[in-house]
Amino acid sequence: MMLHIPEVLTRDEIAYIRGKLETARWQDGRSSAGPQAAGVKSNAQLPHDAPEAAELSGMVEAALRRHPLFLSAAIPHIILTPRFNAYETGAQFGNHIDGALQTDVGRGIVARTDISTTLFLVEPEDYDGGDLVVEDTYGAHEVKLPAGDAILYPSTSLHRVEPVTRGVRLASFLWTQSRVRDEAHRRMLFELDMTVLKLRSEQGDTPEVVSLTGLYHNLLRQWAS
Ligand SMILES: O=C(O)CCC(=O)C(=O)O
Ligand SMILES: [Fe+2]
């Protein structure tokens, strides 16, 4: 399931993060890529130990953790520290699948990557190219979202970032290890949760809504670890 999550960051947060990123010292994105991805990657990344990194990553993580859609879709167990990348004109990131296990250097932990997230930090009209293209069995999906919005997609998907041909594309990207490993299970739980929420807002806690809420939790109990 690919999910567009609108307005993860506020206008003020975007402006603050972009201000900090403007004066940051970037490093070659290939430094964190495996041999296959390194061959197709030409972006820049904020080093995990950059002076700005902890504060900015903390803002992104806090914003995701307070967003009900993210919590419902990801059912996060571990949110790896969000990183930041920059694609100047000419930069791109060719087809790859994210590594299954990612090390969070700052926290000294390794997590399984179930869900990949890109949070856009620049308005789409301010750069050309730079679409995130995610391929699944339904085809190729081109994603270019307003600043502050995020896209979630299964980390099992082949994806790329098209070359930027004007301007600069800035984003935060991160991985989540979910408490529900199976993508199909996560999708069914998300759909059930959204449906129950809608029914509750329309009908209140009727016996049917109480029953469906219980079913949600009993399925989560089956599948969570
Ligand atoms: O910049 C993006 O939207 C995605 C970056 C990416 O695919 C990666 O770092 O693995
Ligand atoms: Fe990736």
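Residues numbered from 1 in each chain as written. Chains lettered and ligands numbered in written order. Predicted model: local features only at pLDDT ≥ 70, side-chain atom pairs only at ≥ 80, totals over all residues. Heavy atoms only, no water.

Draft legend 1. Here's a closer look at the overall build of the protein. Looking only at helices and strands, the protein features six helices and 16 strands. Taken over C-alpha atoms, the radius of gyration comes to 18 Å for the protein, in line with the 17 Å a tight globule of 225 residues would show. When the 225 residues of the protein are sorted by exposure, 47% land in the buried category. In the protein, the share of contacts with a sequence separation of at least 24, taken over all contacts with a separation of at least 6, comes to 78%. Carbon and sulfur atoms form 55% of the exposed surface of the protein, whose accessible area is close to 11,000 Å². If you average the places of the 22 positive and of the 30 negative side-chain charges in the protein, the two averages end up 5 Å apart. (Helix = DSSP H or I, 4+ residues; strand = E, 2+ residues; numbered from the N terminus. Rg over C-alpha atoms; globule rule 2.2 N^0.38 Å. Buried < 20%, exposed > 50% of the residue type's maximum accessible area, 1.4 Å probe, protein only. Contact = heavy atoms within 4.5 Å. Areas by Shrake-Rupley, 256 points an atom, 1.4 Å probe, with all protein chains shown as cover. Lys, Arg positive; Asp, Glu negative; His and termini not counted. Charge placed at Lys NZ, Arg CZ, Asp CG, Glu CD.)

Draft legend 2. Structural view of the coordination of the iron ion (ligand 2). Coordination sphere of the iron ion (ligand 2), protein contribution only: His-96 (NE2), Asp-98 (OD) and His-159 (NE2), at 2.1 Å. Read in sequence order, the donor residues coordinating the iron ion (ligand 2) give the pattern H-x1-D-x60-H. Given the relative accessible area of 4%, His-96 is considered buried. Taking the relative accessible area as the measure of exposure, Asp-98 reaches 11% and is therefore buried. (Donors = N, O, S within 2.8 Å, 3.2 Å for Na, K, Ca; no water.)

Draft legend 3. Structural context of the nonpolar core. Residues Ile-17, Leu-21, Phe-84, Leu-121, Leu-132 and Leu-152 are the most contacted members of the largest nonpolar core, which totals 47 residues. In terms of residues, this core owes the most to one element, helix α3 (residues 53-65), which gives six residues. Leave out the neighbours within four places in its chain, and Leu-132 touches Thr-118, Phe-120, His-141, Glu-142, Val-143, Ile-151, Tyr-153, His-159, Arg-160, Val-161 and Arg-169. (Core = buried A, V, L, I, M, F, W, Y, C linked by side-chain atoms within 4.5 Å.)

Draft legend 4. Structural view of the UniProt feature "binding site: 2-oxoglutarate" (unreviewed entry) in the protein. The feature "binding site: 2-oxoglutarate" (unreviewed entry), as annotated in UniProt, sits at Arg-169 in this numbering. For Arg-169, the location among the structural elements is in strand β16 (residues 169-178). (UniProt positions renumbered as here; feature names shortened; annotations may be inferred.)

Draft legend 5. Quick peek at the pattern of salt bridges. Scanning all chains against the criterion turns up 13 salt bridges. Each of Glu-135, Arg-160 and Glu-162 takes part in a single network of salt bridges with overlapping partners. (Salt bridge = Lys/Arg side-chain N within 4 Å of Asp/Glu carboxyl O.)

Draft legend 6. Up close: the domain arrangement of the protein. Segmentation of the protein into domains returns domain 1 (3-178) and domain 2 (183-223). Computed over C-alpha atoms, the centres of domain 1 and domain 2 are 30 Å apart. With 10 residues of domain 1 in contact, the opposing surface of domain 2 contributes eight residues. Between domain 1 and domain 2, roughly 660 Å² of surface is buried when both sides are summed, and carbon and sulfur atoms account for 67% of that area. Where domain 1 packs against domain 2, one counts zero salt bridges. At the junction of domain 1 with domain 2, the criterion picks out one residue pair in polar contact (both at pLDDT 80 or more). It is helix α4 (residues 68-74) that contributes the most residues to the side of domain 1 that touches domain 2, four residues altogether. (Domains from an automatic or database assignment. Buried area = accessible area lost by both parts, 1.4 Å probe. Polar contact = N/O pair within 3.5 Å; in protein donor to acceptor, adjacent residues only side chain to side chain.)

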